[in-house]
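Fold and geometry: a report
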Amino acid sequence: DGYDFATLAGDLAAVIDTTVARPVIAVGQSWGANVVLELAARLPDRVAGLGLVDGGFIRLAETFSSWDEAQTMLAPPSFDHLTGPQLEVMIRRHLPGFSDTAVAAQLANFEENPGGTVRARLRRDDHMAILRQLWEHDPDAIVRDMQTPIRLIAVNGGGPSQPDRVAAFASAAGAITVHWVEGHHDIHAEQPQVVADILIELAREVGS
């Protein structure tokens, strides 16, 4: 429960307050980038900088004509018929650039059923609840006039509309730097050093 942006932002603020008790660089990937954007908008005193990894700019209502279309196109596939080894073979086939560590991270999104097949740790209903939140989210309006320093890592090949979507989001933001990189949507898993170097630059920029 609690996949709405208000609850998530409150959860993150609680983590910040009880661990470091000072403004942080908040980093998220995909939907998680929209989450940390929301955190910075709601609680700007908690965030010194934002790292948005191929997300934050996601605006499903601009991509799909209706919620019905969005949920039909984006509903997660079922992997319940696969065993762990079969899933690993499929991941390696579809993500040939991923290291063993990155493949292991992908596999960690699943747990094993008693019969040896796998199931996603994120329940399908919760996955759809997240998509519904993204459908209702307007990141352009949220980022407008935001002065928090932002580093946006955008992946080439994210679809024909991605450059326009990123450009619209970036034009609405205040202090933003966009880095275009080649790779997969999970670029943090595929090229962790590239992502780390960009985030280190952000840390130096904000003095954190």
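Anyway, here's the lowdown on the structure attached to this text.

1. Digging into helix 2 (residues 31-42)
- Across its 12 residues, helix 2 extends 17 Å between first and last C-alpha, which sits within 8% of the 16 Å expected from 1.5 Å per residue.
- Summarising burial for helix 2: 9 of the 12 residues are buried, a large majority.
- Restricting attention to buried positions, one finds in helix 2 the residues G32, A33, N34, V35, V36, L37, E38, L39 and A40.
- Residues of helix 2 that are buried in the fold lie against helix 1 (5-19), strand 1 (24-29), strand 2 (47-53), helix 7 (124-136), helix 8 (139-143) and helix 9 (162-172).

2. Some words on the pattern of salt bridges
- Under the counting rule described, the total for this entry stands at 16 salt bridges.
- Ionic pairing is found between D140 and R59, a salt bridge with its closest N-O pair at 3.5 Å. In this pair, D140 sits in helix 8 while R59 sits in the loop between strand 2 and helix 3 (60-63), placing the two residues 81 residues apart along the sequence.
- On the basis of relative accessible area, R59 is assigned to the partly exposed category, the value being 24%.
- As a salt-bridge pair, D140 and R165 come within 2.6 Å of each other at their nearest N and O atoms.

3. A look at the sheet that holds strand 2
- Spatially, the 4 strands line up as an open sheet ordered 1-2-5-6, and their pairing is parallel. Two strands bound the open sheet, and with one partner strand each, they are strand 1 and strand 6 (176-182). Strand after strand, the sheet turns through a mean of 15° between neighbouring axes, direction not considered.
- Of the strand pairs in this sheet, strand 5 (residues 150-156) and strand 6 are connected by 7 bridges, and their pairing is parallel. Considered in strand 6, the bridge of A154 is made with W180.

4. Details of the packing of aromatic side chains
- Counted by the stated rule, this structure contains 3 aromatic pairs.
- Seen from their ring centres, W67 and W135 are 6.5 Å apart, and the 50° between their planes marks the pair as tilted. Taken as a pair, W67 in helix 4 (residues 67-74) and W135 in helix 7 lie far apart in primary sequence, 68 residues in all.
- Aromatic pair F79 and F110: ring centres 5.3 Å apart, planes at 85°, arrangement edge-to-face. On the criterion of sequence distance, the pair formed by F79 in the loop between helix 4 and helix 5 (84-94) and F110 in strand 3 (residues 110-112) is long-range, its members being 31 residues apart.
- Taking relative accessible area as the criterion, F110 reaches 15% and is therefore assigned buried.

5. Some details on helix 7
- The end-to-end C-alpha separation of helix 7 is 19 Å, in line with the 18 Å expected for 13 residues at 1.5 Å each.
- Those residues of helix 7 that are buried lie in contact with helix 1, helix 2, helix 3 and helix 4.

6. Some points on the packing of helix 1 against helix 2
- Viewed as axis vectors pointing N to C, helix 1 and helix 2 meet at an angle of 75°, and their least axial separation amounts to 9 Å. When the axis of helix 1 is compared with that of helix 2, the two are roughly perpendicular. In contact with F5, A6, L8, A9, L12, A13 and I16 of helix 1, helix 2 contributes W31, N34, V35, V36, E38, L39 and R42.
- Here the residues of the contact of helix 1 with helix 2 are counted per class, giving 11 nonpolar, 1 polar and 2 charged.

7. Re the side chain of S30
- Structurally, the position occupied by S30 is in the loop between strand 1 and helix 2.
- Discounting chain neighbours no more than four positions away, the residues touching S30 are V53, D54, G55, G56, I58 and H185.

Conventions used here
Residues numbered from 1 in each chain as written. Predicted model: local features only at pLDDT ≥ 70, side-chain atom pairs only at ≥ 80, totals over all residues. Heavy atoms only, no water. Helix = DSSP H or I, 4+ residues; strand = E, 2+ residues; numbered from the N terminus. Expected span 1.5 Å × (residues − 1). Buried < 20%, exposed > 50% of the residue type's maximum accessible area, 1.4 Å probe, protein only. Contact = heavy atoms within 4.5 Å. Salt bridge = Lys/Arg side-chain N within 4 Å of Asp/Glu carboxyl O. Pairing = 2+ DSSP bridges. Axes fitted to C-alpha atoms, helices over the stretch in contact; angles between N-to-C directions. Phe/Tyr/Trp six-rings, centres within 6.5 Å; stacked < 30°, edge-to-face > 60°. Parallel < 35°, antiparallel > 145°, perpendicular 65-115°, else oblique. Nonpolar A, V, L, I, M, F, W, Y, C, P; charged D, E, K, R; others polar.

Just geometry here; none of it tells us what the structure is for.
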